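Observations on the model geometry
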Amino acid sequence: MSGPRARQTAVTGIGVVAPGSLHADTYWKNVKEGASVLDRVTREGCEQLPLRVAGEVRGFDPSALIEETFLVQTDKFTHFALAAADAALADAGLTKSAWADAPYSVGVVTAAGSGGGEFGQRELQKLWGQGSRFVGPYQSIAWFYAASTGQISIRKGFKGPCGVVASDEAGGLDAVAHAARAVHRGTDVVVVGAAEAPLAPYSGVCQLGYRELSTVEDPARAYRPFTSAACGFVPAEGGAVLVVEDLERAGRRGTAVRATVAGHAATFTGASRWDRSREGLAHAIRGALDEAGCAPEEIDVVFADAMGVPEADRAEALALADALGRHGTRVPVTAPKAGIGRSYCGAPLLDIVAAVQAMEHGQIPPTPGVFDICHDIDLVTATARPAELRTALVLSRGLMGSNAALVLRRGPAQDA
C-alpha cells in the first residue's frame, strides 16, 4: 500500500515593496535593467550619521493602502509587510471568500531582524521628554519583531499556523523553508515574507556597530560586491511577501504556479567570522541540494549573498566552488541587491522574487555598478543575460553568523 502523497510547495503569489519599486512588475523592470536606486539618505534625524547612502522606499503612502486602525498600531516595517501581503494574495487570486469558511487553512510566517525602530524611538522620546503617561499602548507590540506576522493574520482573519523567524538576515530564507514545511504537514496556504525599515535615526545608530556597513558617500561606489573596491554593504528598506501553497491545490484552483520550493538548509558560523562562513555556506548549499534531489550541475543561476566585504565575498566564491565543484566557477552568479541595498531579512525575499521572475522570463539580471570582478565566479554584469533557467540557488548570510541556501525550480507550466 502506498503512503500519503508528498505535498509540494508552490509559489503562487508575489508582493513587493522595495526601493524604486512598489510593485513586482516594476521591481523586475529595474532588476532586469540593472538599475541602481541607491541614493543619499534623506531621513530626518539621520543627517549627522556616518551612514550616507541607503536604499530608501519612496512614494509609499500607507494610508492609501491600510486601514487607520492598523496604521496607528504598527511601525513602518509592518506597513510594508501588510501592503506586500495584499499584493501577494491578489497575485495568487485569493480573496477573502477563499478562506472565509476555512480560516485555519491559511498560516503566516515572517522574518525580522530589527523590528519597529521608528515607532519605538518615537514612543521612547515621549517617555523621556513628557513622561510615561504619554507613551501609547501600542509601544508594547509595534516594535516587536513578531508584529508583522500578528497583524497580517489579524487583519485577514487567518487562523492557521503562524510564526516568526529571528535568525539573522538569512532568516528570510529560513522563513520560506518554515512555510514550506507547514504546507508539507497539511496547511493549504501560507503567507510568508519579510520587510524591514532600518533607516530611522535610532536604527541607524544601532547599525553603526557593524564593521561591514558602508560609509562611502558616493552612491555609485558605496556597494560594489566581488570587486577590488568592495567597501561594505548599503542598508535598505522594504522586502517581499509570497503566497505558497500545496501544488495540487494550486492546480485545482487553476492558478499559475510561478515556482516551487525544492530544498533548503541552514548553518551557523559566528558573528562576522567570514573565514568560517566559507565552510558553513558550502554545507548549507550541499544540504539544500540534497533536500531538492538536485545535482550541482543542475543549478542554472545563483543569487549571491554579496556582502560587499572582501573577505566575505572571497568566502562566498570559495563556498560555491566547494559545494558545486567545477560548476561553481561556471554557473552564472548575480547580485541585484547591489543596486537596491540589503534590506536585512527582506533582502533574500527580494532575491527569491528576482529568481522566480528570472526563470519566468529566461533572463539573468545583472549586478549593478560592478565590472572589475576579482573572484573566480561568472558574475553577470552590465546587461541581462538570456538563459534557459530551470533551477535557481538563492544564498544568504547574516552579520551574526547565520547561513542559508534555498533551491527553487521554475513553475511546471513553463516546462509543458
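Residues numbered from 1 in each chain as written. Predicted model: local features only at pLDDT ≥ 70, side-chain atom pairs only at ≥ 80, totals over all residues. Heavy atoms only, no water.

**Topic: the overall build of the chain**
Helices and strands together make up the secondary structure of the chain, namely 13 helices and 15 strands. A compact globule built from 416 residues should have a C-alpha radius of gyration of about 22 Å, and the chain, at 20 Å, falls within 12% of that. Taken along its principal axes, the extent of the C-alpha atoms in the chain is 65 × 55 × 35 Å. Contacts in the chain between residues far apart in sequence, at least 24 positions, make up 80% of those at least 6 positions apart. Put simply, the chain shows about 16200 Å² of open surface, and 52% of that area lies on carbon and sulfur atoms. Positive and negative charge centroids in the chain, built from 39 and 46 side chains respectively, lie 2 Å apart. (Helix = DSSP H or I, 4+ residues; strand = E, 2+ residues; numbered from the N terminus. Rg over C-alpha atoms; globule rule 2.2 N^0.38 Å. Contact = heavy atoms within 4.5 Å. Areas by Shrake-Rupley, 256 points an atom, 1.4 Å probe, with all protein chains shown as cover. Lys, Arg positive; Asp, Glu negative; His and termini not counted. Charge placed at Lys NZ, Arg CZ, Asp CG, Glu CD.)

**A word on the sheet that holds strand E8 (residues 259-268)**
Reading across the sheet, the eleven strands line up as E5-E4-E6-E7-E1-E8-E15-E14-E9-E10-E12 and stay open at both edges, with mixed pairing between neighbours. Strands at the two margins of the open sheet, each flanked by one partner only, are strand E5 (162-165) and strand E12 (378-379). Relative to strand E15 (residues 402-410), strand E14 (residues 391-397) runs antiparallel, the two being bridged by seven bridges. Of the residues in E15, the one forming a bridge with Val-394 is Leu-406. The sheet strands contacting helix H10 (residues 274-292) are E8, E14 and E15, and the helix crosses E8 at an angle near 145 degrees. (Pairing = 2+ DSSP bridges. Axes fitted to C-alpha atoms, helices over the stretch in contact; angles between N-to-C directions.)

**Section: the UniProt feature "domain: Ketosynthase family 3 (KS3)" (unreviewed entry) in the chain**
UniProt records the feature "domain: Ketosynthase family 3 (KS3)" (unreviewed entry) for residues 6-410 in the present numbering. Across residues 6-410, the secondary structure splits into 34% helix and 19% strand, with the terminal C-alpha atoms separated by 19 Å. (UniProt positions renumbered as here; feature names shortened; annotations may be inferred.)

**A closer look at the packing of H10 against helix H11 (residues 310-324)**
For the pair H10 and H11, the least separation of the axes is 8 Å and the interaxial angle reads 35 degrees. Where H10 crosses over H11, the handedness of that crossing is right-handed. Counted together, Trp-274, Ser-277, Arg-278, Leu-281, Ala-282, Ile-285, Arg-286 and Leu-289 of H10 and Glu-311, Ala-312, Ala-315, Glu-316, Leu-318, Ala-319, Leu-320, Asp-322, Ala-323 and Leu-324 of H11 form the full contact between these two elements. Taken together, the residues of the contact of H10 with H11 sort by class into twelve nonpolar, one polar and five charged. (Left-handed = near helix turned anticlockwise from the far one by under 90°. Nonpolar A, V, L, I, M, F, W, Y, C, P; charged D, E, K, R; others polar.)

**Structural notes on the side chain of Arg-410**
With respect to the secondary-structure elements, Arg-410 resides in strand E15. Here the side chain of Arg-410 touches Leu-389 through a polar contact of 3.4 Å, landing on its backbone oxygen. (Polar contact = N/O pair within 3.5 Å; in protein donor to acceptor, adjacent residues only side chain to side chain.)

**Regarding unusual backbone geometry**
For residues besides glycine, phi is generally negative; the peptide bonds are generally trans as well. Unlike most non-glycine residues, Ser-272 shows phi in positive territory, near 55 degrees. Of note in this structure, Ala-306 is not a glycine but carries a positive phi near 55 degrees.

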